[in-house]
Amino acid sequence: MKMLINVPETVVADALRGFAAAHPELTVDVENRVIVRRDAPVAGKVALLSGGGSGHEPLHGGFVGRGMLDAACPGEVFTSPVPDQMVRAAAAVDSGAGVLFIVKNYTGDVLNFDMAAELAEDEGIMVGKVLVNDDVAVTDSLFTAGRRGTGATLFVEKIAGALAEEGAPLERVQAVARRVNEVSRSFGVALTAVSTPAKGAPTFDLPAGELELGIGIHGEPGRERRAMMTSGEIAEVAVDAVLDDRRPDGPVLLLVNGMGGTPLLELYGFNAEVHRVLGARGVTVARTLVGNYVTSLDMAGASVSLCQVDEEMLRLWDAPVSTPALCWGA
C-alpha cells in the first residue's frame, strides 16, 4: 500500500517537524514529543493537557492554543505517550493554578497518565483528571476496560478550555469537563479498514460491500458487520444507537466526524441525514461541527457525537478559540 512517508520508524518525528514548521505560534519539542502554547505558562490560568497515540490527527496537537489545550503529548502510532512526556509538558504549562489531564479511556493512556499525575504531584504540581468514555458501541474492547473515549474528547477540550481561559479554578474546570463527558455519547462506523505505517496494509479484513458498525478509533471491532447501506440508513443506525443509550432532554452539540479517509462531500451529505433523523426523533441541534477531527489514519467512515448543553456550556462552546484545527471568534 502506498503511503506518503519516508520510513515507518520516523513517521511521528517527521510529522512533528512539519507541524512545527506550519505552526510557529506553538512550541514543538520534536525530540521529547511535546507540543505547547508558545505563551505558556499563562499566569493564574489552569492548564489543560491531553495526549494519546498518533494517527488521530488533528487530535490532540491540533487543539493546542488559546481557548483549548495548553499542551499535548503525541505517542507512537496508536500507542500511549509515556509518563515522562506528560510530566515534562505539565511542568512547561503549569502557572501554579494546576493542570487538568484529559484522558481518553484506553488502558495504556489511563495507566500512563495516572503515573504521570503522581510524578507531577511529587514535583508540586496540582493535577486534576477527567476520563472520556463516550462511545456507546461496546462496553469493553481490545484497548479498554469500559467504554472507549472518542469524539466527546473534542467537546471536553473546547468547553473546559474556554472555562480555564476565563480564569476558573482547577476544581471548577475539572467539574465542568466531567459534566461534558457525562452528557456526551458517540457511535462510529467504518467503511474500510485502517492501515498503519508499520504494517503498510489494512490491519483487519473488511470485505468489499460490507461495513463495521460501532468501530473504535484504532480499528477495534464494533457491534456487528452488515452489507453496505445508504448514508441515510447509516445515520439512522448511528443516531438511534446514541439515543438508545442517552436521550437528551435539551439542545445538543453535534459532531459529524470523519475517520480520516472520507471526503467532506460525503460527510456533509451524511450530516444532512443525521439532522433529518435527529429532527424526526425530536432532538434540537444547537450547533453542528462537520469534519475530520478525531481520526483513524486512512479509515473511511464517520462517527456521530452528541453533547447535551445548558446555557453555560453553549456559551463556553461559542467562546473564542485559536488552534490549528479549531478557530473561531478570535
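What exactly am I supposed to notice about the overall build of the protein chain here?
Across its full length, the protein chain carries eight helices and 14 strands. Dimensions of the protein chain, computed from the C-alpha atoms along their principal axes, are close to 55 × 50 × 35 Å. In the protein chain, which comprises 330 residues, the proportion classed as buried is 56%. Across the protein chain, contacts joining residues at least 24 apart in sequence account for 72% of those joining residues at least 6 apart. Element-wise, carbon and sulfur atoms account for 53% of the exposed surface of the protein chain, whose accessible area totals about 13000 Å².

What is the right way to read the environment of Q85 from this model?
Inspection of the secondary structure assignment puts Q85 in helix α2 (residues 83-93). Put simply, Q85 and L306 are 221 residues apart on the chain and 31 Å apart in space, counted from C-alpha to C-alpha. Leave out the neighbours within four places in its chain, and Q85 touches N32, R33, V34, C73 and P74.

Honestly, the sheet that holds strand β1 (residues 26-29) in this entry has me stumped. Any pointers?
Strand pairing in a sheet relies on backbone hydrogen bonds. The paired strands run either parallel or antiparallel. Read from one edge of the open sheet, six strands run β1-β2-β4-β3-β5-β6, paired in mixed fashion. In this open sheet, the two strands that pair with only one neighbour each are β1 and β6 (127-132). Neighbouring strand axes in the sheet, compared pairwise and without regard to direction, differ in orientation by 20° on average. Summarising the sheet, strand β3 (residues 47-54) and strand β4 (residues 71-77) pair through six bridges and their orientation is parallel. Paired with S54 across the bridge in β4 is V77.

Would you mind going over the nonpolar core with me for this structure?
Inside soluble globular proteins, nonpolar side chains tend to come together where they are buried. Counting residues in hydrophobic clusters, the biggest one holds 60 residues, and the most contacted among them are L48, L154, F155 and V173. It is helix α4 (residues 152-165) that provides the largest number of residues to this core, a total of nine residues. The contact partners of F155, leaving out residues within four places of it in the chain, are V180, S184, L253, L254, L255, S305, L306, C307 and W317. A137, V138, L211 and V252 belong to the second largest nonpolar core, which has 28 residues in total.

Teacher, can you tell me more about a negative patch on the surface here?
A grouping of E118, E121, D122 and E123 is seen on the molecular surface, where their side chains present a negatively charged patch. Following the sequence through the fold, E121 ends up in helix α3 (residues 107-122).

In this structure, what is going on with the pairing of β6? I would like to understand it.
Regular strands have side chains that alternate between both faces of the sheet. Here strand β5 (residues 99-104) pairs with β6 via six bridges, running parallel. Residue pairing for β6: V99 is matched across the bridge by V127. At this point the chain moves from β5, through α3, to the parallel β6, and the crossover so formed is right-handed.

Just to check I follow, could you spell out the sheet that holds strand β9 (residues 224-227) for this structure?
Taking strand neighbours across the sheet as the criterion, the six strands line up as β9-β8-β7-β12-β10-β11 in an open arrangement whose pairing is mixed. Two strands lie at the open edges of the sheet, namely β9 and β11 (285-291), each paired on one side alone. If you compare each strand with its neighbour and ignore which way they point, the axes differ by 20° on average. With four bridges joining them, strand β8 (residues 210-213) and β9 adopt antiparallel strand pairing. Bridging across to β9, E210 finds its partner in A227. Here helix α6 (residues 231-245) sits on the sheet in contact with β7 (184-190), β8, β9 and β12 (301-308), set at roughly 150° to β7.

Can you walk me through unusual backbone geometry in this structure?
Most peptide bonds adopt trans geometry, and most residues besides glycine take a negative phi value. In this structure, the amide linkage connecting A40 to the following residue, P41, adopts the cis form with an omega of -5°. The backbone of F78 sits at a positive phi, close to 60°, despite the residue not being glycine. Position of F78 among the secondary structure elements: in the loop between β4 and α2. By relative accessible area, which is 14% here, F78 ends up buried. Not every positive phi belongs to a glycine, and L297 is a case in point at roughly 55°. By secondary structure assignment, the location of L297 is in the loop between β11 and β12. A residue is classified by how much of its surface remains accessible, and L297, at 25% relative accessible area, is partly exposed.

Here is what the cut-offs are and how they apply
Residues numbered from 1 in each chain as written. Predicted model: local features only at pLDDT ≥ 70, side-chain atom pairs only at ≥ 80, totals over all residues. Heavy atoms only, no water. Helix = DSSP H or I, 4+ residues; strand = E, 2+ residues; numbered from the N terminus. Buried < 20%, exposed > 50% of the residue type's maximum accessible area, 1.4 Å probe, protein only. Contact = heavy atoms within 4.5 Å. Areas by Shrake-Rupley, 256 points an atom, 1.4 Å probe, with all protein chains shown as cover. Pairing = 2+ DSSP bridges. Axes fitted to C-alpha atoms, helices over the stretch in contact; angles between N-to-C directions. Core = buried A, V, L, I, M, F, W, Y, C linked by side-chain atoms within 4.5 Å. Patch = residues over 30% accessible without salt bridge, like charges linked within 9 Å, V, L, I, M, F, W, Y side chains within 5 Å. Salt bridge = Lys/Arg side-chain N within 4 Å of Asp/Glu carboxyl O. Lys, Arg positive; Asp, Glu negative; His and termini not counted. Charge placed at Lys NZ, Arg CZ, Asp CG, Glu CD. Right-handed = clockwise from strand over helix to strand, strands pointing away.

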